[in-house]
Amino acid sequence: MTSTTTSQQELFRFLEDRFACAQACTECARACALRASLVDPDGTENQELVRRRGIMCAEVCDATCRVLSEQNQVDEAAISAQLEWCRQVCLESAHVFDGHPGAEESAKACRDCARACGEFLATLR
């Protein structure tokens with residue numbers, strides 16, 4: 001009976017981590033899309049980098065959330081690859097946002113998402 005309880009607890013933890021990761025991806029996508037929309041399209045090269053990075057991060061986070069939301073079983077290796085890609089993009093985006101005044105909230109959302117992806121990745125390994 002203990003093994004059933006343990007496996008149920010593991011399943012609940014897995015689903016909670018998956019949901020938390022999807023939620024963090026959604027928040028990050030929103031924050032990055034907003035950040036990208038606030039940048040002057042005719043701005044400096046640094047502003048263009050922030051705009052492009054915001055768009056890319058929003059798209060990767062959105063795709064990751066869709067993968068995590070799939071009801072059909074998706075290949076665990078594919079989920080792991082998507083999570084690792086999202087984690088890396090979020091960390092790189094946070095670094096770009098750090099150098100841009102007013103982008104602190106976007107940088108935090110990126111770091112939160114990277115952490116959630118890393119935590120969920122750990123449950124898959």
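Residues numbered from 1 in each chain as written. Predicted model: local features only at pLDDT ≥ 70, side-chain atom pairs only at ≥ 80, totals over all residues. Heavy atoms only, no water.

**Q** Sorry, what's going on with the packing of aromatic side chains here?
**A** Two aromatic rings, taken as a pair, are described by how far apart their centres are and by the angle between their planes. The tally for this structure, following the rule as stated, stands at one aromatic pair. Taking the centre distance of 5.2 Å and the plane angle of 45° together, the rings of Phe14 and Phe120 count as tilted. On the criterion of sequence distance, the pair formed by Phe14 in helix H1 (residues 2-38) and Phe120 in helix H4 (residues 104-124) is long-range, its members being 106 residues apart. On the basis of relative accessible area, Phe14 is assigned to the partly exposed category, the value being 24%. A relative accessible area of 0% places Phe120 in the buried class. (Phe/Tyr/Trp six-rings, centres within 6.5 Å; stacked < 30°, edge-to-face > 60°. Helix = DSSP H or I, 4+ residues; strand = E, 2+ residues; numbered from the N terminus. Buried < 20%, exposed > 50% of the residue type's maximum accessible area, 1.4 Å probe, protein only.)

**Q** Help me understand the side chain of Ser106 in this model?
**A** Within the secondary structure, Ser106 is located in helix H4. Side-chain polar atoms of Ser106 contact the backbone oxygen of Ala31, separated by 3.3 Å. (Polar contact = N/O pair within 3.5 Å; in protein donor to acceptor, adjacent residues only side chain to side chain.)

**Q** What is the right way to read the packing of helix H2 (residues 45-69) against helix H3 (residues 76-98) from this model?
**A** In a packed pair of helices, the relevant descriptors are the angle between the two axes and the axis-to-axis distance. Between H2 and H3, the least distance of the axes is 9 Å, while the angle of their chain directions is 155°. As judged from the angle between their axes, H2 and H3 are roughly antiparallel. For H2 against H3, the interelement crossing comes out left-handed. The segment H2 lies against H3, with Leu49, Val50, Arg53, Gly54, Met56, Cys57, Val60, Cys61, Ala63, Thr64, Val67 and Leu68 engaging Ile79, Gln82, Leu83, Trp85, Cys86, Val89, Cys90, Glu92, Ser93, Val96 and Phe97. Split into classes, the residues belonging to the contact of H2 with H3 amount to 17 nonpolar, four polar and two charged. (Axes fitted to C-alpha atoms, helices over the stretch in contact; angles between N-to-C directions. Parallel < 35°, antiparallel > 145°, perpendicular 65-115°, else oblique. Left-handed = near helix turned anticlockwise from the far one by under 90°. Contact = heavy atoms within 4.5 Å. Nonpolar A, V, L, I, M, F, W, Y, C, P; charged D, E, K, R; others polar.)

**Q** I tried to follow the state of the cysteines on my own but got confused; where do I start?
**A** Formally, a disulfide is one covalent bond, and it connects the sulfur atom of one cysteine to the sulfur atom of another. Under the definition given, this model contains zero disulfides. Counting only cysteine sulfurs, Cys113 is the nearest neighbor of Cys25, a cysteine outside any disulfide, at a range of 3.6 Å. Judged by relative accessible area, Cys113 falls into the buried class, the value being 0%. (Disulfide = S-S within 2.5 Å.)

**Q** What should I look at first to understand the packing of H3 against H4 in this one?
**A** H4 packs onto H3 with a crossing angle of 155° between their chain directions and a minimal axis gap of 8 Å. Judged on the interaxial angle alone, H4 and H3 are roughly antiparallel. Seen along the crossing, H3 lies across H4 with a hand that is left-handed.

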